[in-house]
Amino acid sequence: MAGGWARDGAVQDQIDDTVSDAVSAARARMPSGESEQWCVECGEEIPEKRREALPGVKRCVACQSGQDASRRQAGINRRGSKDSQLR
């Protein structure tokens, strides 16, 4: 049940939009093309099983994990109330 200016189902719409945005962003970050045999950061050999499982991979697991950990999440704040937007 929505209150104030929001219509019924508005909260679920916000949740659906947030999930959809996250899925789209994850798909955009997925590698594509031909995999590298050697890591572009440290030079270690990338195991064949990793190259087969994830086509287009450019980094070894350790270097990719470090890059993923340093990635910042940025998005739209859909939780703001109308009152906070009017100020």
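Every chain's residues receive numbers from 1 upward, in the order its sequence appears when written. Per-residue local features of the predicted model are confined to residues with pLDDT of at least 70, and side-chain atom pairs are confined, for both listing and counting, to 80 or more; whole-chain, interface and lining totals are unaffected and use all residues. Calculation of side-chain values draws on the structure's entire complement of heavy atoms; hydrogens and water are dropped beforehand.

A closer look at a nonpolar patch on the surface
Item 1. Residues form patches when they are more than 30% accessible in relative terms and have no salt bridge. Like charges link within 9 Å. Nonpolar side chains (Val, Leu, Ile, Met, Phe, Trp, Tyr) link within 5 Å. Note on areas: these come from Shrake-Rupley sampling with a 1.4 Å probe, and a residue is covered only by the protein chains present in the view. Definition used for salt bridges: Asp or Glu carboxyl oxygen within 4 Å of a side-chain nitrogen of Lys or Arg. A cluster of nonpolar side chains, namely V11, I15, V19 and V23, defines an oily patch on the protein surface of about 330 Å² accessible area.
Item 2. Only DSSP runs of H or I reaching four residues or more are called helices, and only runs of E reaching two or more are called strands; each is numbered from the N terminus. Take V23: it is sitting in helix α1 (residues 10-29).

Remarks on the confidence of the model for the protein
Item 1. Within a predicted model, pLDDT stands for the predictor's per-residue confidence, ranging from 0 to 100. Across the protein, the average pLDDT comes to 82, with 76% of residues at or above 70.
Item 2. Taken element by element, the protein is modelled with least confidence in helix α4 (residues 82-86), mean pLDDT 56, and with most confidence in helix α2 (residues 48-53), mean pLDDT 92.

Remarks on the nonpolar core
Item 1. The criterion is simple. A nonpolar core is a set of buried Ala, Val, Leu, Ile, Met, Phe, Trp, Tyr and Cys residues joined through side-chain atoms within 4.5 Å. Type-normalised accessible area, obtained with a 1.4 Å probe on protein chains alone, sets the label of each residue: buried when under 20%, exposed when over 50%, and partly exposed for intermediate values. Core analysis: the largest hydrophobic core is formed by five residues, namely C39, I46, V57, C60 and C63.
Item 2. Ignoring sequence-local partners within four residues, the contact set of I46 consists of E36, Q37, W38, C39, R51, V57, K58, R59 and C60. Two residues form a contact once any of their heavy atoms are found within 4.5 Å.

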